[in-house]
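So the chains spell out like this:
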Amino acid sequence: MVTTTSTPVEQQTTPENRVILKGVSWSTFKALLADVGDDRAWRIAYEGGVLEIRMPHLEHEVPKGLIESFIEATADELEIEVMKAGSLTLEREDLTRAVEPDTCFYIQNEASVRGKRDINLPEDLPPDLAIESDYTNSSVNKDSIYAALGVPELWRYRRESMQVYQLVDGKYEMCDRSLAFPFLPVAEIPGFIEQSRTVGQRAAVRLFRQRIREILPSQS
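Residues numbered from 1 in each chain as written. Predicted model: local features only at pLDDT ≥ 70, side-chain atom pairs only at ≥ 80, totals over all residues. Heavy atoms only, no water.

What follows covers the overall build of the chain. Across its full length, the chain carries 6 helices and 12 strands. Projected onto its principal axes, the C-alpha coordinates of the chain cover approximately 60 × 40 × 30 Å. Long-range contacts, defined as pairs at least 24 residues apart, comprise 58% of the intrachain contacts of the chain with a sequence gap of at least 6. With the model as given, the accessible surface of the chain reaches about 11,200 Å², and the carbon-plus-sulfur share is 47%. A distance of 3 Å separates the average location of the 25 positive side-chain charges in the chain from that of its 36 negative side-chain charges. (Helix = DSSP H or I, 4+ residues; strand = E, 2+ residues; numbered from the N terminus. Contact = heavy atoms within 4.5 Å. Areas by Shrake-Rupley, 256 points an atom, 1.4 Å probe, with all protein chains shown as cover. Lys, Arg positive; Asp, Glu negative; His and termini not counted. Charge placed at Lys NZ, Arg CZ, Asp CG, Glu CD.)

Below is the structure:
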């Protein structure tokens with residue numbers, strides 16, 4: 001049973017499969033995660049006593065899965081290693097911040113975490129790339145959480161558009177290309193996601209891979 005501090009916890013339920021709890025101490029937050037364990041479907045974001053619990057929606061999961069496949073296809077074509085860390089819990093008690101991305105990758109720093117069974121910030125490096133598939137607005141400022149944790153690059157997919165952000169002097173700035181994959185036509189990714197609705201997901205991945213093969217010779 002999770003016990004709270006003397007500070008009352010305020011609960012808000014939203015229509016988008018999200019619950020927001022306010023006045024949650026770090027110890028209560030950690031006790032909740034420990035009680036529930038790793039076998040859970042929902043994802044969290046925590047900042048300064050505010051805890052957001054979100055149940056994944058199909059409109060989150062489908063684009064997220066495709067973006068994962070696109071990144072893996074890109075890595076295959078480049079013949080490089082990446083580590084898909086999924087919804088890895090990224091947390092720092094000293095900053096009272098925690099977040100679980102829709103998915104994340106180690107790319108430039110893959111070798112530094114290869115074979116690890118646990119990632120502990122700040123002893124370990126944060127993922128090189130975090131991805132958020134936003135079907136609805138978050139009640140927590142996830143950008144500030146990712147920035148505080150030092151994640152160099154953030155992609156946001158929302159309703160047929162993709163934004164790329166790079167961490168500059170502790171804040172995210174929108175840019176037109178990926179830090180990890182500068183040649184990648186990120187702006188075309190939503191089109192491939194939409195194509196998947198008619199041609200199928202694997203066919204969309206094959207079309208994306210073909211596009212990467214067209215681009216790569218011009219980069220050599």
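Further notes follow.
In this section: the pairing of strand β9 (residues 129-133). Judged by how many residues are buried, β9 sits mostly within the fold: 5 of 5 residues are covered. Covered by surrounding structure in β9 are Leu129, Ile131 and Ser133 together with Ala130 and Glu132, the residues of both alternating faces. Of the pairings in the sheet, the one linking strand β8 (residues 103-106) to β9 comprises 3 bridges and is antiparallel in character. Bridging from a neighbouring strand, Thr103 pairs with Ile131 of β9. (Buried < 20%, exposed > 50% of the residue type's maximum accessible area, 1.4 Å probe, protein only. Pairing = 2+ DSSP bridges.)

Structurally, Phe29 can be placed in helix α1 (residues 26-36). Note on Phe29: relative accessible area 0%, which makes it buried. The spatial distance from the C-alpha of Phe29 to the C-alpha of Ile71 is 32 Å, given a sequence separation of 42 residues.

Take the environment of Gly49 next. Mapped onto the secondary structure, Gly49 falls in the loop between β3 (43-47) and β4 (50-54). The buried category is assigned to Gly49, whose relative accessible area is 11%. Separated by 152 residues in the primary sequence, Gly49 and Gln201 have C-alpha atoms spaced 39 Å apart.

Take unusual backbone geometry next. Only a minority of non-glycine residues have a phi that is not negative, and only a minority of peptide bonds are not trans. Cis geometry is adopted by the peptide bond preceding Pro122, which originates at Leu121 and carries an omega value of 0 degrees. The backbone of Glu79 sits at a positive phi, close to 60 degrees, despite the residue not being glycine. Here Glu79 is to be found in the loop between α2 (58-78) and β5 (83-84). A relative accessible area of 74% means that Glu79 is categorised as exposed.

Another point: the packing of aromatic side chains. In this structure the tally under the stated criterion is 6 aromatic pairs. Taking 4.4 Å as the distance between ring centres and 25 degrees as the angle between the ring planes, the aromatic pair formed by Phe70 and Phe208 counts as stacked. Here the residue Phe70 occupies a position in helix α2, and Phe208 occupies one in helix α6 (residues 201-219), the gap between them amounting to 138 residues. Its relative accessible area of 1% is what places Phe70 among the buried residues. On the basis of relative accessibility, which here comes to 0%, the residue Phe208 falls in the buried class. The interplanar angle of 85 degrees and the centroid separation of 5.3 Å between the aromatic rings of Phe192 and Phe208 together place this pair among those described as edge-to-face. Here the residue Phe192 occupies a position in helix α5 (residues 189-199), and Phe208 occupies one in helix α6, the gap between them amounting to 16 residues. Grouping aromatic residues by their ring pairs yields a cluster made of Trp26, Phe29 and Tyr46. Over the aromatic face of Trp42 sits the side chain of Arg40, whose NZ or CZ is 4.6 Å from the ring centroid. (Phe/Tyr/Trp six-rings, centres within 6.5 Å; stacked < 30°, edge-to-face > 60°. Lys NZ or Arg CZ within 6 Å of the ring centre and 35° of its normal.)

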